[in-house]
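Chain residues, written in single-letter form:
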Amino acid sequence: MSSPAPSPRSLAEALRGRDDASLAVLLRARPDLITPVPTDLTQLATRAGTRASAVRAVERLDRFALQTAEALAVAADPASYDELLGLMTGDEGDPAVAAALPRAVATLRDQALVWGDDDRMRLVRTARELLAPSPQHPSPTGLGPTVAEATSGMSPGRIQDIVTAAGLPSTHDSVSAVDALSALFRDRRRMAKLLAEVPEESREVLSRLVWGPPYGQITPDPAPHLRRLLDRGLLLPATPGTVALPREVALHLRDGRAHRTVEPVPPTVEAAGTHRPQVVDATAAGQAYTALATVEELLKDWDEGGPAVLRAGGLSVRDLKRTAVALDVSEPVAAFWVELAYAAGLLASDGEADERYAATPAYDEWLEQPAAQRWARLAAVWLHATRTAGVVGGRDAKERTLSALGPGLDRSAAPEVRHRVLTLLAGLPQGTSPSADSVLARLRWERPLRGPQQQGDDLRGRLARWTLTEAELLGVTGRGALSAHGRALLGAPAPKPPDEEPRGPGDKLPVHHVPVPVEPLSPTEQATASAAAARLLTPLLPEPLDHVLLQADLTAVAPGPLERPLADMLGVLADVESKGGATVYRFTPGSVRRALDAGRSASDLHAFLAAHSRTPVPQPLAYLIDDVARKHGHLRVGVASAYVRCDDDALLNEILADKRSAGLGLRRLAPTVLAAQTDPAALLEGLRAMGCAPAAESAEGDVLITRAHAHRTPPRTAPEPVPEGPPVPDATLLAAAIRAVRAGDRASTAPLKPTTAPATAGELPRTTPAETLATMQAAVLTGEALWIGYVNAEGAASQRVIAPIRVEGGFVTAYDHTADEVRTYPLHRVTGVAELADD
């Protein structure tokens, strides 16, 4: 009968006993451990035990796994599984906790925070230091120091007095006395008898400290009921004027429980409302169309050069307010749209001396795509972006205001929180909108707040609330419920339509649950998911129209979205008066003149309106176009600084006589030419304000045509998300890393033949060049593996296990077990070689 395998003596030994699948789980949960790839399992264990890595791992535990780790931190080291179970369930037991505890322990083991068999479980030292109670860092358990910790600085005589007062025989040394007192406090029967001897007033003091904080203040001359507790060691001095409730006493008073409330099961996400899936999808699609229109309106407003860039970067508060007014939204919503367009690479700074924001060339390419594809691009960017519009207006660490498009807006946790919130929504029945508070409660269970965040800023909670709001603005959700195209954006299959329609108010549609990926998608997977979302959204978006309805009051009504050429031309020829399901455009002399400045003639405008109107062109509109066109270009403005020329000298006389022209500094140079003391642009505006219709002309005397959409930045790349830590490795990288670690571990732990003098641990093997060459040649013939030391061209030394294949020309070609490939090494860079033992 074979003897059981010995319990591992270290975390490295525990990792060495794992299979590749278990190591892959560890490295996927803690990707910082393979950045860079460790040389062997000993280095992997050392890295897993560092404080920075342990803190990162502990902060990613759910509430129950964290409570389990906290219980292990106050238990003996090592602790048995039964002892841990007692701390989690107490004397009375708790079936729900007992059922969930194996999963929590497995999570801690998978993440290398706990190692050892069930009878000797150990919490990694740095995790224990992080979670164990101390006066500077109280434990969430509310427990205080053990008897041994509290009496560490106490005099032997005082310890013997406490032991005697507690009814125990005196001992010859303090260590045995402390052990006897600890055993008394852990013995339920004897402890109950000891507490029965103290008055009710003393037990009331203990009850106030039992659930924490375990520290209290006393005077130099304590009251008799406190003196009884101090004499028996039920309270022990911590610092001058402070006493502590020993951990063993607190656990007895708690009936053995480490936590007052244990949460083994995550809170459920509660439904706030239920809607038909078709209504949800239609609502989300309408909002998606509005999102596209808002982004287009924003960038069209910035077409000829947007707001100036602040010296420190970003938009000024005044420019953000102007943008909000132009978009008819609140300032936080305007900041969201601005940041979304920036994250998508649709706008950037132009880099000029007078730096301003403007659309990028990518914006023109984006406009040419179908509407559903344009939305999918925006939604995918939003899902993965770390720039967070919600913090705009807040303060950074140096108390500087955070501005839209400025620095300091990246929050690395944002993509994970967005994905998790949408995943929770995807777990609800179709058409169900969640309660925001229940979503936040679920997120707090999955990532409990620790340290200063418990009293301070709950960033994940704010990110979750922003996600719910932004998803509705963007059309990922409709009426608070996840839409079909929003579900596809996460990589989940589109829900199947119900087989039957509800026949009455009491009937319900059948629920179809679909799997949702837990982790965010890779770029390739996200591209596929975005394409699927676009396909689902396409039939829900309205088809662009090729016509408008002209009315006699100089307005045109667009009953839906317009085709791109029609919308662009109408945006130049008329001003938008109102938006909504139908857009109303108004024709004015200024808007018609804008179209003429863009190079259109009156006949072009008449033909355009006749071709795209379902109603006859009203006579007032035709007259308006002809009147503006008749005056347009009659005056010519050029560069002198500026000049005005006109064949009609009577018109020039009228301009000179007009008092409104005084500020332009006009004077007559010839019967048909006036010179001005202002620039051509100001001269154009001044004459137009006087009711004239001048046209700008070039240095050659030709009419200068001004077209919209003239200003673009040079090609810009979208801002890269700022990751929270090392990215989660894919399957290929995991497999390669595990092979390298295994091979390196074999190189560092492989036994050598007794005839070979082994190198000291950590050193490279050392042999003469002749011995190295002879051993290599022999290994080629026998096919044996060798352990070598190797120094590369940069001077970095490493140990490797190789199987030589060929030795010639000063090089050895061998299969390198460390790299899992055939490589060639110069012999002069091999420091030494050792043969591996046969076993």
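Residues numbered from 1 in each chain as written. Predicted model: local features only at pLDDT ≥ 70, side-chain atom pairs only at ≥ 80, totals over all residues. Heavy atoms only, no water.

Caption draft 1: Region of the structure containing unusual backbone geometry. In this model, T35 is joined to P36 through a cis peptide bond whose omega is 0°. Each neighbour pair has its own omega, and for D77 with P78 the value is 0°, a cis peptide bond. Along the chain, P78 falls in the loop between α5 (63-74) and α6 (81-89). Despite not being glycine, A112 has its phi angle at roughly 60°, a positive value. Mapped onto the elements of the fold, A112 is located in the loop between α7 (95-110) and β1 (114-115). Given the relative accessible area of 0%, A112 is considered buried. Positioned with a positive phi, E399 is a non-glycine residue whose angle comes to about 65°. Its location among the elements puts E399 in the loop between α20 (371-384) and α21 (414-426). (Helix = DSSP H or I, 4+ residues; strand = E, 2+ residues; numbered from the N terminus. Buried < 20%, exposed > 50% of the residue type's maximum accessible area, 1.4 Å probe, protein only.)

Caption draft 2: Main features of the confidence of the model for the protein. This prediction gives the protein a mean pLDDT of 85; 91% of its residues lie at or above 70. Overall, residues 452-456 carries pLDDT values under 50, and its contacts beyond four positions in sequence, including any with other chains, amount to 1 contact. Predicted confidence for residues 498-514 stays below pLDDT 50, and this span has 24 contacts to residues more than four positions away or in other chains. (pLDDT = per-residue confidence, 0-100. Contact = heavy atoms within 4.5 Å.)

Caption draft 3: Here's a closer look at the environment of I34. With respect to the helices and strands, I34 occurs in the loop between α2 (20-29) and α3 (41-48). Dropping the residues within four chain positions of it, I34 is found in contact with L27, R47, P729, L734 and A737.

Caption draft 4: Main features of the sheet that holds strand β4 (residues 236-239). Taken together, the 3 strands give an open sheet; going across it, the order is β3-β5-β4, and neighbouring strands pair in antiparallel fashion. Each edge of the open sheet is held by one strand with a lone partner, namely β3 (215-217) and β4. Pairwise comparison of adjacent strand axes, ignoring direction, gives a mean angle of 40° for this sheet. Where β3 and strand β5 (residues 242-244) come together, 3 bridges link them in antiparallel fashion. Paired with Q217 across the two strands is T242, which belongs to β5. (Pairing = 2+ DSSP bridges. Axes fitted to C-alpha atoms, helices over the stretch in contact; angles between N-to-C directions.)

Caption draft 5: Representation of the packing of aromatic side chains within the structure. What the rule picks out here adds up to 4 aromatic pairs. Consider the rings of F336 and W337, whose centres lie 4.9 Å apart with planes at 55°: the pair is tilted. Considered together, F336 and W337 belong to a single accessibility category, that of buried residues. Over the aromatic face of W366 sits the side chain of R374, whose NZ or CZ is 5.3 Å from the ring centroid. (Phe/Tyr/Trp six-rings, centres within 6.5 Å; stacked < 30°, edge-to-face > 60°. Lys NZ or Arg CZ within 6 Å of the ring centre and 35° of its normal.)

Caption draft 6: Looking closely at the environment of T732. Looking at where T732 falls in the secondary structure, it is placed in helix α32 (residues 731-749). In this structure T732 comes out as exposed when scored by relative accessible area, which is 62%. The sequence separation of T732 and G408 amounts to 324 residues, and the corresponding C-alpha distance is 34 Å.

Caption draft 7: Representation of the sheet that holds strand β15 (residues 583-586) in the model. Spatially, the 4 strands line up as an open sheet ordered β12-β13-β15-β14, and their pairing is antiparallel. Looking at strand neighbours, the two that pair on one side only are β12 (549-551) and β14 (575-578), the edges of this open sheet. Adjacent strand axes in the sheet meet at a mean angle of 30° when their direction is disregarded. Here strand β13 (residues 555-558) pairs with β15 via 4 bridges, running antiparallel. Residue pairing in the sheet places T555 in a bridge with R586 of β15.

Caption draft 8: Just the side chain of D281, in detail. Within the fold, D281 resides in helix α16 (residues 277-301). Buried charge without a salt bridge: D281, with R487 as the nearest opposite-charge side chain at an N-O distance of 7.8 Å. When near neighbours in sequence (up to four residues on either side) are disregarded, D281 contacts S483, A484, H485 and L540. (Lys, Arg positive; Asp, Glu negative; His and termini not counted. Salt bridge = Lys/Arg side-chain N within 4 Å of Asp/Glu carboxyl O.)

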